[in-house]
Amino acid sequence: MASNSNISELQQNAKERLRIISGHLQKPANREQLCVSANECKAEAADRSLEKNRTIPKRRQETLKWNGWGYNDSKFMFNKKGQAEFTGKRYRLSGMVLPALREWFEKTFGASLEHKTPARSALNPSEVPPPILNEGFVQDLKGTAIPFSHEAEDRIFRAHGHCLHEVFALREGKFERVPDLVVWPNCHKEVEKIVELACKHNICVMPFGGGTSVSNAVECPSDEKRTILSLDTSQMNRILWIDEKNLTAHVEAGIVGQDLERLLNESGYCTGHEPDSMEFSTLGGWVATRASGMKKNIYGNIEDLVVHIRMVTPRGVIEKSCQGPRMSTGPDIYHFIMGSEGTLGVVTEVTIKIRPIPEYQKYGSVVFPNFDQGVACLREVAKQRCAPASIRLMDNEQFQFGHALKPQVSSIFTSFLDGLKKFYITKFKGFDPNQLCVATLLFEGDREKVLQHEKQVYDIAAKFGGLAAGEDNGQRGYMLTFVIAYLRDLGMDYYVIGESFETSVPWDRVLDLCSNVKERIIRECKEKGVQFPPLSTCRVTQTYDAGACVYFYFAFNYRGLGDPIHVYDQIEHAAREEILANGGSLSHHHGVGKLRKHWLQETISDVGLGMLRSVKEYVDPNNIFGNRNLL
């Protein structure tokens, strides 16, 4: 890494600045004085018992599936009676029977419980390609005392994200290029040491956060001949300080979303950033992919939350000299980092905005006669800038899907009320069950303002034929966000494969884009020999002044297909082409990775792509960070 002749002067300046601001940093409860170090790694001296309170252990296999989504103890399954249920104890849906799911599943996909394609139950280490080790690097790494491993299980867990083809291959025990080593730094300084050694020995470094990527971002390049090092940031999971006057927190980048919120909550704060993957995705991953969350209407997207970033690159450390809320100092260097997807370096620490935990939270839902009127309502809400923390509109297919996930009711009275609501909406109000759609709502803030806000939104909804559908539906829709990813594993057990993808689009193109993309998926499935009608559905998930984010889900029964993943890839490619042709973006928040980089030049222009390449060539001339995302 490049040295700096003025390093000691810079460190002294940094120490002085930290001394000045330490007066208003929150002191840990068990310490009289707050000590802030400008350049020392305190990880070894830190109380590592904190690790017990972290969601993701160092050995992920102790908690997470090796060939599917989420926790080992949580999954959808059909029990001995043929009823669907969700196992485990971690979610509100856990332990519940879902009486309508089997009928929906069989009817929608033409699937049968008689035709099963189970995944491999265990990883066979002998089938994992042996590591390619640079012995000089390994010896130098041993000298740092930073933990590392080349065990097969550790390597496989960091060889993939959650794209369909990645998980499908794991279920069949097919492994191509995987990381050769996994290393677990404990702090920023240890990352600097690792990158310095990687430069010395020409090692390929691939940062790894939560592993939730759906863009092939953590997939190893198949023709990479160098030692590939997976730099796992999971042990960098501390909140270093909370500044209560400026409402900011300085946090290590490996912390996962649910741990970040829980620890901030203990001090009375939150970030409000809740991507669908927040259980497992990391702060550093959010920065690297320009992430967005469910409650961005109040709290903003990640680019709105970031105040300061620290990143280690082969050229040295990138960070600004102060933590001011805004600067006019040329192009913002942080916007080269946000969205860089691990191609320039490792994000190690981030200062983010925090807010006091909201006093009041209220869920809600609205049912509309059809999707067109639902979109028109969301457009008006955005125009009046009165969107609640979260507002999501499901089309009819997704509404039917959500209804199939409704748990068995425990009382006759509850069942009667559900029937009464259905009668009121479909018979009395005349809504067509095959056309209606539902928006789920979440309001947060001061109680009185929330109630006023709620009335304003429901009044707007009424102008577009919307009917209030209750808090329970809103809360259930919000809860389903965190379990829906488990359904793909169930589908693959019965010849059904599926995926989600997203885009952003101007308001005047939302309806056409939704309709055209869904129709294109159905048409492509038929032309590619898919024998059963596919599920093709969408929802509007985030709203802006000038447009919205649209999320698509599609899935199909692949029985009879010789190479289902190739067919799926062709269909998804066609769907993305349709999105771009209809004025949609390449991605709203999933990122580019390797999956979508084919379209990047078209998306940002020849000159724009040249600018990104120039930054890459200067910061990382030897391609140490060689995951080959974006470029």
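Structure first, text after, so check above.
Residues numbered from 1 in each chain as written. Predicted model: local features only at pLDDT ≥ 70, side-chain atom pairs only at ≥ 80, totals over all residues. Heavy atoms only, no water.

Student: Sorry, what's going on with helix α5 (residues 164-171) here?
Tutor: Helical periodicity: at 3.6 residues per turn, an α-helix aligns residues three or four positions apart in one direction. Counting buried positions over the eight residues of α5 gives six, a clear majority of the element. Taken together, the buried positions of α5 are occupied by L164, E166, V167, F168, L170 and R171. (Buried < 20%, exposed > 50% of the residue type's maximum accessible area, 1.4 Å probe, protein only. Helix = DSSP H or I, 4+ residues; strand = E, 2+ residues; numbered from the N terminus.)

Student: Just checking my understanding: could you explain the sheet that holds strand β19 (residues 496-506) for this structure?
Tutor: The pairing of strands in a sheet happens through backbone hydrogen bonds and is either parallel or antiparallel. Taken in spatial order, the seven strands make up an open sheet running β18-β15-β17-β16-β20-β21-β19, and their pairing is antiparallel. The outermost strands of the open sheet, each flanked by one partner alone, are β18 (467-468) and β19. The pairing of strand β15 (residues 360-368) with β18 spans two bridges and is classified as antiparallel. Across the sheet, the residue bridging to V367 is L467, located in β18. Contacts between helix α13 (residues 396-404) and the sheet are confined to β16 (390-394), β17 (437-445), β20 (535-543) and β21 (547-557), with β20 contributing the most and set at about 100° to the helix. (Pairing = 2+ DSSP bridges. Contact = heavy atoms within 4.5 Å. Axes fitted to C-alpha atoms, helices over the stretch in contact; angles between N-to-C directions.)

Student: I'm lost on the packing of helix α3 (residues 135-144) against helix α6 (residues 188-201) in this one. Help?
Tutor: Taken N-terminus to C-terminus, the directions of α3 and α6 make an angle of 160°; their axes are 10 Å apart at the nearest point. The orientation of α3 with respect to α6, classified from their angle, is roughly antiparallel. Regarding α3 and α6, the two cross each other, and that crossing is right-handed. Here α3 contributes G136, F137, D140, L141 and T144 to the contact with α6, which in turn contributes I194, L197, A198, K200 and H201. Taken together, the residues of the contact of α3 with α6 sort by class into five nonpolar, three polar and two charged. (Parallel < 35°, antiparallel > 145°, perpendicular 65-115°, else oblique. Left-handed = near helix turned anticlockwise from the far one by under 90°. Nonpolar A, V, L, I, M, F, W, Y, C, P; charged D, E, K, R; others polar.)

Student: Could you clarify how one ought to interpret the side chain of T351 in this entry?
Tutor: Here T351 lies in strand β13 (residues 346-353). Residue T351 is classed as buried on the basis of its relative accessible area, which comes to 0%. In terms of polar contacts, T351 uses its side chain to reach the side chain of H250, at 2.6 Å. Non-local contacts of T351, meaning those with residues more than four positions away in its chain, are made with W241, T248, A249, H250, L305, V306, V307, H308 and Q323. (Polar contact = N/O pair within 3.5 Å; in protein donor to acceptor, adjacent residues only side chain to side chain.)

Student: Would you take a moment to explain the pattern of salt bridges for this structure?
Tutor: Under the criterion given, the structure shown has 40 salt bridges. Where E192 meets K189, a salt bridge forms, and the shortest distance between an N and an O atom there is 3.2 Å. You can see E192 and its partner K189 sitting in helix α6, three residues apart, about one turn around the helix. Taking the shortest distance from any N to any O, the salt bridge between E224 and R628 comes out at 3.7 Å. Of this pair, E224 sits in the loop between β6 (204-208) and β7 (228-232) while R628 sits in the segment after α20 (600-619); the two residues are 404 residues apart in sequence, bridging distant segments of the chain. Exposure remark for E224: the relative accessible area of 7% places this residue in the buried category. Within the structure, one salt-bridge network assembled from shared partners comprises R59, E62, E151, E153 and D154. (Salt bridge = Lys/Arg side-chain N within 4 Å of Asp/Glu carboxyl O.)

Student: What exactly am I supposed to notice about the packing of aromatic side chains here?
Tutor: The geometry of an aromatic ring pair is captured by two quantities: the separation of the ring centres and the angle between the planes. Scanning the entire structure with this criterion turns up 22 aromatic pairs. Residues F78 and Y494 carry aromatic rings whose centres are separated by 5.5 Å and whose planes lie at 75° to one another, so their mutual orientation is edge-to-face. Placement of the pair is F78 in strand β1 (residues 76-78) and Y494 in the loop between α17 (487-492) and β19, with a sequence separation of 416 residues. Each member of the pair, F78 as well as Y494, is classed as buried. Here K58 stacks its cationic end above the ring of W184, 4.9 Å away from the centre of that ring. (Phe/Tyr/Trp six-rings, centres within 6.5 Å; stacked < 30°, edge-to-face > 60°. Lys NZ or Arg CZ within 6 Å of the ring centre and 35° of its normal.)

Student: Just checking my understanding: could you explain the sheet that holds β7 for this structure?
Tutor: One open sheet accounts for four strands, arranged β4-β5-β7-β6; its pairing is mixed. Edge strands, defined here as strands with exactly one partner in the open sheet, are β4 (148-149) and β6. Sheet topology places β6 next to β7; five bridges connect them, and they run parallel. Residue pairing in the sheet places V205 in a bridge with L229 of β7.

Student: Looking at this model, I keep getting lost on the pairing of β16. Mind explaining?
Tutor: For a regular strand, side-chain orientation follows a simple rule: the groups alternate between the two sheet faces. Of all five residues making up β16, five are buried, and the element is well covered by its neighbours. Burial along β16 is two-sided: the face carrying S390, R392 and M394 and the face carrying I391 and L393 are both buried. Of the strand pairs in this sheet, β16 and β17 are connected by five bridges, and their pairing is antiparallel. Considered in β17, the bridge of L393 is made with A439. Across two bridges, β16 lies against β20 in antiparallel orientation. Paired with M394 across the bridge in β20 is R539.

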